[in-house]
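Observations on the model geometry
Each chain, letter by letter, is given below.
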Amino acid sequence: MSKNTFTFINNRTGKKYDFDILDATRGPSVVDISTFYKKTGMFTFDVGFTSTASCSSEITFIDGEKGELRYRGLTIEELAQNHSYLEVCYMLLNGKLPNADELLGFDLELRHRSFLDEDLKKLIDSFPDRAHPMAILSSGVSALSSFHFEHLDIEDKEENQEMARRIIAKIPTIAAFSFRKSLGIPMIYPDIDRSFTENFLYMLRAYPGGKMKRTKEGSREIRDIEIKALDTIFTLHADHEQNASTTTVRNVASTGAHPYAAISSGISALWGRAHGGANESVIAQLEMIGEVKNVDKFIEKAKDPNDNFRLMGFGHRVYKNFDPRAKVLKSLQDQLKDELNLDSKLMEIATKIEEIALKDEYFISRNLYPNIDFYSGVILTALRIDRPMFTPIFVIGRTVGWITQLMELQGSKEFKIARPRQLYIGK
Ligand code: SDX
């Protein structure tokens, strides 16, 4: 009996079946069950894929027990502390951090691609003012394929790099335009003299006509500390292994659909409140709780099996420990408390929730800890970013991860259409 096989025994028939064990460079090994149905005539069953690896990947590693996250082998703490979001984007796409020239070139490539076709701007303008920015974002990204017929050849590496730069550069503009549209005020074109993250804040905040000086103070100006905070938030959201929206992107790409369709589908999947939509729901929930004295009542609601109320920003499919990104955001909150006068009341309620939940048997026994969404909303609120823009900001950060995962799939021998089976329980 080989050490590299996993033997299943069907106790109904007494038959034994050997399947190969494939070892990871980090984390759990896997049992390759791709021939399971052919050999046994049965399917495996794993709702929500809690124990299923859908692919092999070199991009991101998560150790849920330890609360560890690495992009291309580097820890999220090291990256958030010492590198800009653009350096992280380059590293995810290319497998290594850029040198100064590579970073400069990448930065310029993105700045020159941040503009939108005027007809795409008209499409965004055609949405009703009350449209949620996520609806505009997913439509706008899918529509990009109508303006860029070239660079869709998924077999060509350079074409893919061009497509990647284009989507990463244009999504912040589509997001900012959708925000301005929701306010009924003129859209602000990108300013190629500003960095990726500063430019996004500029497109959100500038007066019509684009007038805005860069000063340290003042309500509408953009401060370095705000750029650094948002840049860190983008980095923390850049990728996260095979989460629901990344799985959606891979599944859509596996049909041979073009990258814009795959990324647009990822945006739609991220919108759900169990996933990227949680950051918006956390703030709404903190405001609904309203006072520290109400926290206990809502903790009891979250524990009540007959009440579908859940503590937004708590729990995670993979992390059974603190989400390391939440830890980075929590220390960022502490650093920014005075500089950005964070909403102390919201922070007080959040701290109280965390304090009680982390001592409560219900949460401890289910390994429920604060996740990235629990803290991001307070900082985004302090950056004077409106709540409907929270999930679009998650999209801006995550787009590079989706594209990197999509390109990895397209370039791998695992590129085959995703088509799971089922347990039929019908007539
Ligand atoms: C993100 O996958 C990723 O990597 C996602 C993400 C990324 O970067 O891409 O990390 C981003 O989506 C973070 C998660 C944001 N979502 C939320 O904060 C929403 C609140 N959290 C839950 O909805 C939930 O925790 C999930 C969706 C995050 C995880 O759900 P699972 O893994 O399917 O867990 P489960 O629903 O099976 O819960 C296990 C138990 C259940 O109780 P029992 O049935 O065992 O009695 O824990 C309970 C759940 O009721 N539970 C909660 C809870 N989360 C789980 N109870 C109260 N409040 C919660 N938040």
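You'll find the structure just up there.
Criteria and thresholds
- Residues numbered from 1 in each chain as written.
- Predicted model: local features only at pLDDT ≥ 70, side-chain atom pairs only at ≥ 80, totals over all residues.
- Heavy atoms only, no water.
- Patch = residues over 30% accessible without salt bridge, like charges linked within 9 Å, V, L, I, M, F, W, Y side chains within 5 Å.
- Areas by Shrake-Rupley, 256 points an atom, 1.4 Å probe, with all protein chains shown as cover.
- Salt bridge = Lys/Arg side-chain N within 4 Å of Asp/Glu carboxyl O.
- Buried < 20%, exposed > 50% of the residue type's maximum accessible area, 1.4 Å probe, protein only.
- Axes fitted to C-alpha atoms, helices over the stretch in contact; angles between N-to-C directions.
- Helix = DSSP H or I, 4+ residues; strand = E, 2+ residues; numbered from the N terminus.
- Parallel < 35°, antiparallel > 145°, perpendicular 65-115°, else oblique.
- Left-handed = near helix turned anticlockwise from the far one by under 90°.
- Contact = heavy atoms within 4.5 Å.
- Nonpolar A, V, L, I, M, F, W, Y, C, P; charged D, E, K, R; others polar.
- Pairing = 2+ DSSP bridges.
- Near = heavy atom within 4 Å.
- Polar contact = N/O pair within 3.5 Å; in protein donor to acceptor, adjacent residues only side chain to side chain.

A word on a nonpolar patch on the surface. Side chains of Phe45, Val47, Leu423 and Ile425 sit close together on the surface and give an oily, nonpolar patch of about 510 Å² of accessible area. The exposed category is assigned to Val47, whose relative accessible area is 63%.

Two elements in contact, helix α12 (residues 278-289) and helix α18 (residues 390-410), have axes separated by 7 Å at closest approach and are oriented at 150 degrees. With respect to α18, the element α12 is oriented roughly antiparallel. Judged by the sense of rotation from one axis to the other, the crossing of α12 with α18 is right-handed. From α12, Asn279, Glu280 and Ile283 reach across to α18, where they touch Phe390, Thr391 and Phe394. Looking at the contact of α12 with α18, its residues break down into three nonpolar, two polar and one charged.

Of the two faces of strand β5 (residues 68-71), the one carrying Glu68 and Arg70 and the one carrying Leu69 and Tyr71 are both buried. Where strand β4 (residues 60-63) and β5 come together, four bridges link them in antiparallel fashion. Bridging from a neighbouring strand, Thr60 pairs with Tyr71 of β5. Bridge analysis of β5 against strand β6 (residues 74-75) gives two bridges, and the strand direction is antiparallel. Following the sheet pairing, Tyr71 is matched in β6 by Leu74. Linking β5 back to β6 in an antiparallel pair, the connection comprises two residues, with Arg72 at a positive phi of about 50 degrees.

In this section: the site of the ligand. Around the ligand, 23 residues are found, and the nearest of them are His240, His316, Arg317, Arg325 and Arg398. Between the ligand and His275 there is a distance of 2.9 Å, counted from an oxygen atom to a side-chain nitrogen or oxygen. At 2.8 Å from a nitrogen atom of the ligand is found a main-chain nitrogen or oxygen belonging to Leu311. Look at the ligand: alone it shows 1100 Å² of surface, and the protein chains cover 74% of it. Counted by class, the shell around the ligand contains nine nonpolar, seven polar and seven charged residues.

Note on sheets: strands pair through backbone hydrogen bonds, and any given pair is parallel or antiparallel. Strand order across the open sheet formed by three strands is β1-β2-β3, with antiparallel pairing between neighbours. On the outer flanks of this sheet lie β1 (5-10) and β3 (30-31), each paired with one strand and no other. Across six bridges, β1 lies against strand β2 (residues 15-22) in antiparallel orientation. Opposite Asn10, over in β2, you have Lys15 as the bridge partner.

Right, let's get into the pattern of salt bridges. All told, the structure shown has 28 salt bridges when counted by the stated rule. For Glu300, the salt bridge goes to Lys303, with nearest N and O atoms at 3.4 Å. One end of the pair, Glu300, and the other, Lys303, are both in helix α13 (residues 295-303), three residues apart, so they sit about a helical turn from each other. A network of salt bridges, in which partner residues are shared, links Glu109, Arg113, Glu158, Glu162, Arg165 and Arg166.

Scope: geometric values only; no functional claims are made or implied.
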